[in-house]
Amino acid sequence: MAKGDHLYDCYAPPAQEFVRGEGAYLYTEKGEKYLDFIAGIAVNGLGHGHPALIKAVKDQSDKLWHLSNMFRIQGQYELARKYCDELGWAGKVFFTNSGAEAVECAMKTARRYHYDQGDTERYEIITFTGAFHGRTMGTINAGGNPKYLKGFGPALPGFTHLDFAELENLEEHLSDKTAAVLFEPVQGEGGLRPIPIDTLIKVRNQCTENGTLLIYDEVQCGAARTGKLFAHQWAEGKADPDIMAAAKGIGGGFPLGACIAREDIAKVMVPGTHGSTYGGNPMAMAVGNAAFDAMTEPGFLAHVNKTANFLKQQFEGLKDEFPDVVDELRGKGLLIGMRLKKPALAVRKNALAKGLLCGSAGDNVLRMAPPLIIDENHVREAIGILRECFKEAQAAEDFVA
Ligand SMILES: *Cc1c(COP(=O)(O)O)cnc(C)c1O
């Protein structure tokens, strides 16, 4: 990172500067081409420069950019109806600009619901190790990652952090103080760990029995990433949440999040309880509607599933080929990666040098979240680059960047 610039040093970007994108590729000023297998961390699901999204932005920018939520914003009614119709269990939506804000709204809704029921002591929110829910004060406290909490003052009360494995024994931890249980159906940041459908169903039932609300954070695993519009839909209605946070891919690259909730729960959020200046503004709604329409087009999810299966097969091949490099496959759908026996960060840097953008995640995982529009040729190209990287990692005694 160049010292002497005027940015916070929260990120340490590489030297490459991308100035243009097209489909699954990013280009530098000099025209160097990179295959993008991280898509802004599961954001550019529809790829770069999707014509329908471009049209939505252009058309809307001629009409109206911003309108306060004091006034009716037509696109919000449309998009909220689309999400609620699609999900079945949901009845109301609050639009935000980011994932963290969607999670904040979800937690506030859950606590306020119990409060309004007269259950004023029911404010505990249970979360799990490896969780990531955002970077605001509330969401770092929800996530509970000591690295993200360090130096930011006393931990907020009202959060209980359980070991990830305790999801299987949740009933032991629920009480009449538990307002909500919050987790990602597929842990992203924590290392691409999908929660088995049976566990989701068990957790759903235990929450119902205990009067605890179930909140899913589908900020990363939603938006068609796992081959369903939302990951919990793999449980086919047997593990629906009460409240869900979505963001990242639902805006296709435009900052957009949503807190989606059951109608009887969300209705406690009356005027004065919550708000946002920008959340759901006309520009965001234009893109959000176009992104929803593209993701729900016939054949879209089938394409995601087909490509994901092909990618997984290819990864299995790499695992067999490089047993000293690849420990295990991780993830679900096109939120997929590998736990490595060599440093994932070093492999990721090497891949970038060879023209492939990947991410990394906790637990030494090489993380990939390619645009959902990729085809088998993109997968073959990525595998070719990864094979070179793994060869070098295997050859190096102490493979470090
Ligand atoms: C990225 C992410 C968030 C935070 O989203 P922001 O838009 O960065 O605030 C929350 N939860 C999960 C699971 C995420 O992956």
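Everything numeric here is computed off the predicted structure, so don't read it as measured data.

1. Let's talk about the overall build of the protein
If you tally the helices and strands in the protein, you get 12 helices and 17 strands. The C-alpha radius of gyration of the protein comes to 21 Å, within 12% of the 21 Å expected for a compact globule of 401 residues. By its C-alpha atoms, the protein is 65 × 55 × 50 Å across when sized along the principal axes. A total of 401 residues make up the protein; the buried ones form 51% of that total. Considering only intrachain contacts with a sequence separation of at least 6, the fraction spanning at least 24 residues in the protein is 73%. Surface accessibility of the protein: about 18,400 Å² in total, with carbon and sulfur atoms responsible for 52%. Charged side chains of the protein number 43 positive and 51 negative; the gap between the two group centres comes to 2 Å.

2. Details of the side chain of R367
Position of R367 among the secondary structure elements: in strand β17 (residues 365–368). Here E189 takes part through its side chain, which lies 3.4 Å from a polar atom of the side chain of R367. Polar side-chain contacts of R367 include one of 3.1 Å to the backbone oxygen of S360. Residues contacting R367, with those up to four places away along its chain left out, are I38, I41, G188, E189, L192, Q220, I336, C358, G359, S360 and A361.

3. Some remarks on the domain arrangement of the protein
Its domain assignment divides the protein into domain 1 (18–49 + 301–395) and domain 2 (53–295). Each of domain 1 and domain 2 was reduced to a C-alpha centroid, and the two centroids are 27 Å apart. Of the residues lining the interface, 28 residues belong to domain 1; the matching set on domain 2 comes to 28 residues. Roughly 2,200 Å² of surface becomes buried between domain 1 and domain 2 when both sides are summed, with 63% attributable to carbon and sulfur atoms.

4. Digging into the site of the ligand
Near the ligand you find S98, G99, A100, F132, H133, G134, E184, D217, V219, Q220 and K248, and these make up its full shell. For the ligand, a nitrogen atom lies 2.7 Å from a polar atom in the side chain of D217. Taking K248, its side chain carries an N or O atom lying 2.6 Å from an oxygen atom of the ligand. Here the ligand loses 81% of its free accessible area of 380 Å² to cover by the protein chains.

5. Overview of the nonpolar core
Counting residues in each nonpolar core, the largest one holds 85 residues, and the members touching the most others are F183 and F390. Counting residues per element, this core draws most heavily on helix α9 (residues 282–295), at 9 residues. Each of domain 1 (18–49 + 301–395) and domain 2 (53–295) gives at least three residues to this core. When neighbours within four sequence positions are excluded, F183 is seen to be in contact with F128, H133, L167, I195, L200, V203, L214, I215, Y216 and D217. In this structure, A106, A110, L213 and A261 belong to the second largest nonpolar core, which totals 23 residues.

6. Structural notes on the pairing of strand β12 (residues 257–261)
Burial runs high along β12: 5 of the 5 residues are buried. A two-sided burial pattern is seen for β12, the buried positions comprising G257, C259 and A261 on one face and A258 and I260 on the other. Pairing of strand β4 (residues 92–96) with β12 involves 5 bridges; the strand directions are antiparallel. Paired with F95 across the bridge in β12 is A258. Looking at chain direction, strand β11 (residues 243–246) and β12 are connected through 4 bridges and run antiparallel. Within β12, the residue paired with A245 across the bridge is C259.

7. Here's the deal with the pattern of salt bridges
Under the defined criterion, the tally for this structure stands at 21 salt bridges. Ionic pairing is found between D59 and K55, a salt bridge with its closest N-O pair at 2.6 Å. Within this pair, D59 and its partner K55 are both found in helix α2 (residues 51–63), separated by 4 residues, close to a single helical turn. Here D59 falls in the partly exposed class, since its relative accessible area comes to 33%. Residue class for K55 comes out exposed when judged on its relative accessible area of 53%.

8. Regarding the pairing of strand β3 (residues 33–36)
Here 3 bridges tie strand β2 (residues 25–28) to β3, and the two strands are oriented antiparallel to one another. Bridge pairing links L26 to Y34 in β3. Hairpin remark: β2 followed by β3, antiparallel, with 4 residues in the connecting loop; positive phi at G31, about 90 degrees. The sheet contact formed by β3 and strand β15 (residues 356–357) spans 2 bridges and is parallel.

9. Looking at empty space enclosed by the protein
Enumeration according to the criterion identifies 2 cavities of 30 Å³ or more in this entry. Taken as a whole, the largest cavity holds about 40 Å³ of empty space. What lines the largest cavity is simply P185, V186, P194, I195, I197, L200, A231, W234 and K332. Looking at the lining of the largest cavity, its residues break down into 8 nonpolar, no polar and 1 charged. Counted as a void, the second largest cavity has a volume near 30 Å³. Along its surface, the second largest cavity is lined by F128, A131, F164, F183, E184, Q187 and I195.

Definitions and cut-offs
- Residues numbered from 1 in each chain as written.
- Predicted model: local features only at pLDDT ≥ 70, side-chain atom pairs only at ≥ 80, totals over all residues.
- Heavy atoms only, no water.
- Helix = DSSP H or I, 4+ residues; strand = E, 2+ residues; numbered from the N terminus.
- Rg over C-alpha atoms; globule rule 2.2 N^0.38 Å.
- Buried < 20%, exposed > 50% of the residue type's maximum accessible area, 1.4 Å probe, protein only.
- Contact = heavy atoms within 4.5 Å.
- Areas by Shrake-Rupley, 256 points an atom, 1.4 Å probe, with all protein chains shown as cover.
- Lys, Arg positive; Asp, Glu negative; His and termini not counted.
- Charge placed at Lys NZ, Arg CZ, Asp CG, Glu CD.
- Polar contact = N/O pair within 3.5 Å; in protein donor to acceptor, adjacent residues only side chain to side chain.
- Domains from an automatic or database assignment.
- Buried area = accessible area lost by both parts, 1.4 Å probe.
- Near = heavy atom within 4 Å.
- Core = buried A, V, L, I, M, F, W, Y, C linked by side-chain atoms within 4.5 Å.
- Pairing = 2+ DSSP bridges.
- Salt bridge = Lys/Arg side-chain N within 4 Å of Asp/Glu carboxyl O.
- 1 Å grid on protein atoms, 1.4 Å probe; cavity = no way out; pocket = protein on both sides within 12 Å on 5 of 7 lines; lining within 4 Å.
- Points joined across faces, edges and corners; volume = space filled by probe spheres on them.
- Nonpolar A, V, L, I, M, F, W, Y, C, P; charged D, E, K, R; others polar.

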